[in-house]
Amino acid sequence: MSSIRENGGGARGDDDLKAPLLQPASGGAVAITVPAAGQNSKAATAVDKKVRTAKFKIGDIKCTSCTGSIESVLKELDGVQTVAISVLDGHAAVTYVPELTTVEKIKETIEDAGFPVEHLSEQDIAVCRLKIKGMMCTSCAESVERALLMIDGVKKAVVGLALEEAKVHFDPNVIDIAGIIESIEDSGFGAVLVSSGADVNKVHLKLEGFESLEDCKQIQSLLESAQGVNHVEMDLDEHKLTINYDSAITGPRSLIQLIEEASPSPNMYHATLYVPPRQRENDQLHETQMYRNQFLWSCIFSVPVFLFSMALPMFHPYGNWLSYKLYHNLTVGMLLRWILCTPVQFIVGRRFYVGAYHALRRKSANMDVLVALGTNTAYFYSVYVIIKATTAENFEGQDFFETSAMLISFILLGKYLEVVAKGKTSDALAKLTELAPETACLLTLDTDGSVISEEEISTQLIQRNDIIKIVPGAKVAVDGVVVDGQSHVNESMITGEARPVAKRPGDKVIGGTVNENGCIHVKATHVGSEAALSQIVQLVEAAQLARAPVQQLADRISRYFVPTVSSLCPLFVADWIPKAMDKFELALQFGISVLVIACPCALGLATPTAVMVATGKGASQGVLIKGGDALEKAHKVKTVVFDKTGTLTVGKPQVVSAVLFSNFSMEEFCDLATAAEAVVDHAKRFRHKIGSNPDHIPEVKDFEVHTGAGVTGKVGERMVLVGNRRLMRTSEITLGPEVEKYIFENEELARTCVLVAIDGKMAGAFAVTDPVKPEAQRVISFLRSMGITSIMVTGDNRATAAAIARDVGIDYFFAETTPVGKADKIKDLQGKGEIVAMVGDGINDSPALVAADVGMAIGAGTNVAIEAADIVLIKSNLEDVVTAIDLSRKTIARIRMNYVWALGYNVLGMPIAAGIRLPPWLAGACMAASSLSVVCSSLLLQSYKKPLHVREG
């Protein structure tokens, strides 16, 4: 309670921070509006939505005539909207249209006017997510990341190979999304926008009844000027609209109504909801079909090549015709193999040439380079053999056309299987996105709250404050609060809690959960991207994109593995030459095999695929892990620090006894002591019992919070202190033997004593209890079996803390600790070399959650996106602490196993290739099997089960 009041007091300060740096109306500042030439009011309204503000520090400003000079030169610059210049300190704010001018042009214009100027960074950082096409291995991901970081204006970039996406933080004043995509394409990869920071809440509409393009543009202008609309994008050919809006101000139904009301005649304009196809699923389907088709086309030519070179010659006399000489030593078999291999090499295999070209431009070697080099060596040596066989009468040589064709076929097969398997790594996330129902029953109420009508609408049309009817057996359509009815809701798909949760008026519900019995009316509070389900999906997607530190090992190995292996080729060739084989042919075959098998493609998939499966699986069980970093740190945890209230205990303190140490009546005493929330509830019950108004709460003045001690305030003419011993001591309130005895007796029973002093004298006390969670003792015991030490920190008194610790089985605890003190205790433990996890409620424990190596916010409910923790446990069950740590350990173990699969093929393949003359096409099969093994290994995490549930079973 004290924390809430203390934070609330800072609202004024937050508003001050949000105020403009410059106040043009006063303080010696001059504000000038510069209208663009020929711009009408409607156009100005549309442009206003797209302006940005740049801040400058201008030197040598001595008077208002200086500001007039700057104004005159900026007035001539197309795109400048307004200028505000402070005569006193030279600070200037210029609003401009990015499409018409840039910060650099404004700066140069001011400098040309004879004034020194410095651009002040506004920290205006935008974020976008891009789908990257054409990445084959870790080297490709690193190349994209380097290309992004080299772009002027890009502050941070993370590229995920398994997800095939990039998350880019950039300054929109310097670079836009189109420029970022262009830079990626220049580096040899494709890029498509997945989402941008502006895509907070958006709706797609299909327009009907429009007779001309002017009508469409008029509607676009109308929407852009509407309150709450951030951005409007229109496809004039398809008559489709995409609108970004603020859900607190407007909503999709309001926007549709606005469009239809703008119709020149009744029922002329119509706007309907349009659901665009899901980009990720479409891209994955397209990629799967592409690799499948390329593999099938490759097989059409490769299988006959294989038969003509390796199968038919072994069956006499069926293969004798292949040895028939057409001219000199040119045989039918050679010619057929050449004809069939060529389309595979240059048409089906074109993608390897393109990829190799761009990689070499970047001065790097990826899988495309190695495959192109290996297949070209085999192909062009075989062409050389054909030319020599045609021109020389006595030349005998072996062509390797089957090597080139079969190698490309096996690599394409491997990529096809890999793409199919990778699609399954995000199955858990896909299931989460499908939880929300497609339709909802919207209620219209009159002023008395009676239902006037019911209407079935798409869930995408739900707006904030709508009343939605949820019938038994139906899915809850939206995050909200129950306003009417009672029921039980199954939240297992969101929180992992198997037991249905009772819901009554005032209780919160989460969209996507199932209403078991009873009809309830729900008032929508969070819609669109603000909903818990959307936030969970966004958080998991961000976690899957984040790179775990263990991935750095794979990156280093990939960087040095190829050149090291390639340099060792001559050593192996010299020692392993079979007597019956030509040295050059062995060197050629072995060189091609090593080039192919030296590509550690699977290494790049070892970590991200495991992280993708683990984060998705965790999300389906109510454990949200914010990235690979948190996942990796959690497996090293040796000490878990628990907060007491709301973490080890239920978090709903109740007054179990009250005692008076003064002449006040109990009614007057309760009235004066309503500063603490638990006491408020007790006071209401007491007043109801004696028949007085239970809602009467006296007004408190001069309210003050004493962190970790209590609160003080003035009720009428009396000064009231409510808190613990520390507050009484600092306020010089004497505690008599009777008070000390009451405190001692209750603390031994794990109760907290809330002391009340009125006008400088002890007036009475309340004994407050907070029951321990039923699973707490079992969780502490299980953590001990995992080799993890549990510690409790609390702001409560030592006796109560000792009683709680004894009940749950914790050996070490710290009592009477402030929120900042909790963070200090964690730092002390870290100083002893401990890897520490902090488990708290995510609100009062924020300093400790941030200080810990791994912060776990428990019982976060619908506020999953704003916690300071690394891991968010959706429900308030302590079992999920064990689940988070155990899942982390299982994931890291799986990543290490993936490294064995990834490197095993490379390390073992080299001596095998040398010892038994492993054909290059078989080396390609091994490389494909390596990537497939890694992805399938990661998919085994899908079978993960909670350890405590397993033990119970």
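Thresholds, definitions, all that
Residues numbered from 1 in each chain as written. Predicted model: local features only at pLDDT ≥ 70, side-chain atom pairs only at ≥ 80, totals over all residues. Heavy atoms only, no water. Helix = DSSP H or I, 4+ residues; strand = E, 2+ residues; numbered from the N terminus. Expected span 1.5 Å × (residues − 1). Bend = angle between axes of the 7 residues up to and from the residue. Buried < 20%, exposed > 50% of the residue type's maximum accessible area, 1.4 Å probe, protein only. Axes fitted to C-alpha atoms, helices over the stretch in contact; angles between N-to-C directions. Parallel < 35°, antiparallel > 145°, perpendicular 65-115°, else oblique. Contact = heavy atoms within 4.5 Å. Nonpolar A, V, L, I, M, F, W, Y, C, P; charged D, E, K, R; others polar. Core = buried A, V, L, I, M, F, W, Y, C linked by side-chain atoms within 4.5 Å. Pairing = 2+ DSSP bridges. Left-handed = near helix turned anticlockwise from the far one by under 90°. UniProt positions renumbered as here; feature names shortened; annotations may be inferred. Salt bridge = Lys/Arg side-chain N within 4 Å of Asp/Glu carboxyl O.

Q: When you look at helix α11 (residues 332–348) in this model, what are you seeing that I'm missing?
A: An α-helix turns once every 3.6 residues. As a result, residues three or four positions apart point the same way. Taking 1.5 Å of rise per residue, the 17 residues of α11 would be expected to cover 24 Å, and the 24 Å separating its terminal C-alpha atoms lies within 8% of that figure. By the largest-angle criterion, C341 marks the main kink of α11, which is about 30 degrees, and a proline, P343, follows within four residues. For α11, the full list of buried residues reads V332, G333, M334, R337, L340, C341, P343, V344, Q345 and V348.

Q: How should I be thinking about the packing of α11 against helix α12 (residues 350–361) in this particular structure?
A: Helix packing geometry: the angle between the two helix axes and the distance between the axes. Where α11 contacts α12, the axes come no closer than 4 Å and their chain directions differ by 40 degrees. Classed by the angle they form, the pair α11 and α12 counts as oblique. Listed contacts from α12 to Q345, F346, I347 and V348 of α11 are R350, R351 and Y353. Looking at the contact of α11 with α12, its residues break down into 4 nonpolar, 1 polar and 2 charged.

Q: Mind showing me how you'd approach the nonpolar core here?
A: One broad trend across soluble globular proteins is that nonpolar side chains are buried collectively. L148, I180, F642, M856 and I871 are the most contacted members of the largest nonpolar core, which has 113 residues in total. Top element by residues in this core is helix α31 (residues 879–915). It accounts for 10 residues. Ignoring any residue separated from it by four or fewer positions in sequence, one finds I871 in contact with V623, L624, I625, A630, A634, V854, G855, M856, A857 and A884. Counting residues in each nonpolar core, the second largest holds 37 residues, with V203, F210, L461 and V476 among its members.

Q: Teacher, can you tell me more about the environment of Y274 here?
A: Along the chain, Y274 turns up in the loop between β13 (270–273) and α10 (279–311). Taking C-alpha positions, Y274 is 5.2 Å from H204, a pair spaced 70 residues apart along the chain. Setting aside anything within four residues of it in sequence, one finds Y274 in contact with H204, L205, K206 and K240.

Q: Would you take a moment to explain the sheet that holds strand β7 (residues 154–160) for this structure?
A: Strand pairing in a sheet is mediated by backbone hydrogen bonds. Such pairs are either parallel or antiparallel. Across the sheet, 4 strands lie side by side as β7-β8-β6-β9; this open sheet has antiparallel pairing. Taken across any chain shown, the strands that pair with only one partner, and hence form the sheet edges, are β7 and β9 (190–196). Between one strand axis and the next, the sheet turns through 25 degrees on average, direction left out of account. With 6 bridges joining them, β7 and strand β8 (residues 165–170) adopt antiparallel strand pairing.

Q: What am I meant to see in helix α6 (residues 138–149) here?
A: Taking 1.5 Å of rise per residue, the 12 residues of α6 would be expected to cover 16 Å, and the 17 Å separating its terminal C-alpha atoms lies within 8% of that figure. The buried fraction of α6 is high, at 10 of 12 residues. Looking only at α6, the buried set comprises T138, S139, C140, A141, E142, S143, V144, E145, A147 and L148.

Q: What is the right way to look at the packing of α11 against helix α13 (residues 367–391) in this model?
A: Running from amino to carboxyl end, α11 crosses α13 at an angle of 150 degrees, the nearest separation of the two axes being 11 Å. When the axes of α11 and α13 are compared, the pair comes out roughly antiparallel. The crossing of α11 and α13 is left-handed. Only T375, N376, Y379, F380, V383, V385, I386 and A389 of α13 make contact with α11, whose side of the interface consists of M334, W338, C341, T342, Q345 and F346. For the contact of α11 with α13, the residue count by class is 10 nonpolar, 4 polar and no charged.

Q: Teacher, can you tell me more about the environment of G760 here?
A: Structurally, G760 is set in the loop between β31 (752–758) and β32 (761–769). A relative accessible area of 44% places G760 in the partly exposed class. On a C-alpha basis, the gap between G760 and R718 in space is 9.5 Å, while along the polypeptide they are 42 residues apart.

Q: Mind showing me how you'd approach the UniProt feature "transmembrane region" (unreviewed entry) in the protein here?
A: UniProt tags residues 295–315, 327–348, 369–387, 399–417, 560–578, 590–614, 899–916 and 922–941 as "transmembrane region" (unreviewed entry). Between the end C-alpha atoms of residues 327–348 the distance is 30 Å, and the span holds 77% helix and 14% strand. A distance of 26 Å separates the end C-alpha atoms of residues 369–387, which is 100% helix and 0% strand.

Q: Please clarify how unusual backbone geometry should be interpreted in this entry.
A: Non-glycine residue N465 carries a positive phi angle of around 75 degrees. Note on placement: N465 falls in the loop between β17 (451–458) and β18 (467–470). N465 gets classed as partly exposed once you look at its relative accessible area, which sits at 49%.

Q: Mind showing me how you'd approach the pattern of salt bridges here?
A: When the charged atoms of two side chains lie near each other, side chains of opposite charge can form a pair. Counting across every chain of the model gives 11 salt bridges. Note that D643 is salt-bridged to K822, the shortest N-O span being 2.9 Å. Here the residue D643 occupies a position in strand β26 (residues 639–643), and K822 occupies one in helix α29 (residues 819–831), the gap between them amounting to 179 residues. Judged by its relative accessible area of 8%, K822 is buried. Salt-bridge contacts for K946 lead to D880; the nearest nitrogen and oxygen are separated by 3.2 Å. Taken together, the residues span a long stretch of sequence, with K946 in the loop between α32 (920–939) and α33 (947–952) and D880 in helix α31 at a distance of 66 residues.

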